[in-house]
Amino acid sequence: MNPELRYIEHKSGFGDNGPAWIGMAEFSKTGRTVYFNGKAFKNSNARGISGNYYDIENGDEYWISRIKKNGTDRHWAGGGKIMIDRNVVDLYLSLVDFNILDKNRFELVNIKPTDKQKFAKLENEKMN
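All values derive from a computational prediction rather than experimental measurement. (Residues numbered from 1 in each chain as written. Predicted model: local features only at pLDDT ≥ 70, side-chain atom pairs only at ≥ 80, totals over all residues. Heavy atoms only, no water.)

Draft legend 1. Main features of the nonpolar core. Among the nonpolar cores identified, the biggest contains 14 residues, and Ile 22, Ile 67, Ile 84, Tyr 92, Leu 101 and Phe 106 are the most heavily contacted of them. Elements with a minimum of two residues in this core: β1 (4-10), β2 (20-27), β7 (82-85) and α1 (89-95). Beyond its immediate chain neighbours, meaning those up to four positions away, Ile 67 contacts Leu 5, Arg 6, Tyr 7, Ile 22, Asp 73, Tyr 92 and Val 96. Counting residues in each nonpolar core, the second largest holds twelve residues, with Ile 8, Trp 21, Phe 36 and Tyr 53 among its members. (Core = buried A, V, L, I, M, F, W, Y, C linked by side-chain atoms within 4.5 Å. Buried < 20%, exposed > 50% of the residue type's maximum accessible area, 1.4 Å probe, protein only. Helix = DSSP H or I, 4+ residues; strand = E, 2+ residues; numbered from the N terminus. Contact = heavy atoms within 4.5 Å.)

This is the structure:
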């Protein structure tokens, strides 16, 4: 699968106020694993309490979704700035109903690449 713009929010221990990012996520061939910002997330098949994915390394829950056109990606009860990869701002603004980032809602950051081989090796070790 080609990389796609996604909203990612850390849920474990934070409820609806966890750190959140917007950036390009990569996917495994099956689409069940998402790679983003140095992490790998596995689809939890809705078994989580508040997240739909979990971190392969530590089990923390995350919410991963497509970008909402109206820009309301955070849960209605949540709050806090959303970190957006500075390399995707133009793409993001082309997909939403506004044309500038509100500095009270967004913070520009650099999203780091993910070493997918590291996680493939980690998952293979768990299976043995």
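Having seen the model, we can carry on.
Draft legend 2. Spotlight on the packing of aromatic side chains. A full pass over the atoms with the stated rule returns four aromatic pairs. With centroids separated by 6.0 Å and ring planes inclined at 65 degrees, the aromatic side chains of Tyr 92 and Phe 98 adopt a geometry described as edge-to-face. Judged by centre distance (6.5 Å) and plane angle (40 degrees), the ring pair of Phe 98 and Phe 106 falls under tilted. The partly exposed category is assigned to Phe 98, whose relative accessible area is 21%. By relative accessible area, Phe 106 is classed as buried at 5%. Ring pairing ties together the aromatic residues Tyr 92, Phe 98 and Phe 106, which thus form one cluster. (Phe/Tyr/Trp six-rings, centres within 6.5 Å; stacked < 30°, edge-to-face > 60°.)

Draft legend 3. Representation of the pattern of salt bridges in the model. Counted under the stated rule, the structure contains nine salt bridges. Between Asp 55 and Lys 39 there is a salt bridge; the shortest N-O distance is 3.3 Å. Taken together, the residues Asp 55 in strand β5 (residues 53-55) and Lys 39 in strand β4 (residues 39-43) connect sequence positions 16 residues apart. A salt bridge links Asp 97 to Lys 69; the shortest N-O distance between them is 3.4 Å. Of this pair, Asp 97 sits in the loop between α1 and β8 (106-109) while Lys 69 sits in the loop between β6 (61-65) and β7, and the two are 28 residues apart along the sequence. The structure contains a network of salt bridges with shared partners spanning Glu 9, Lys 11, Asp 16 and Arg 74. (Salt bridge = Lys/Arg side-chain N within 4 Å of Asp/Glu carboxyl O.)

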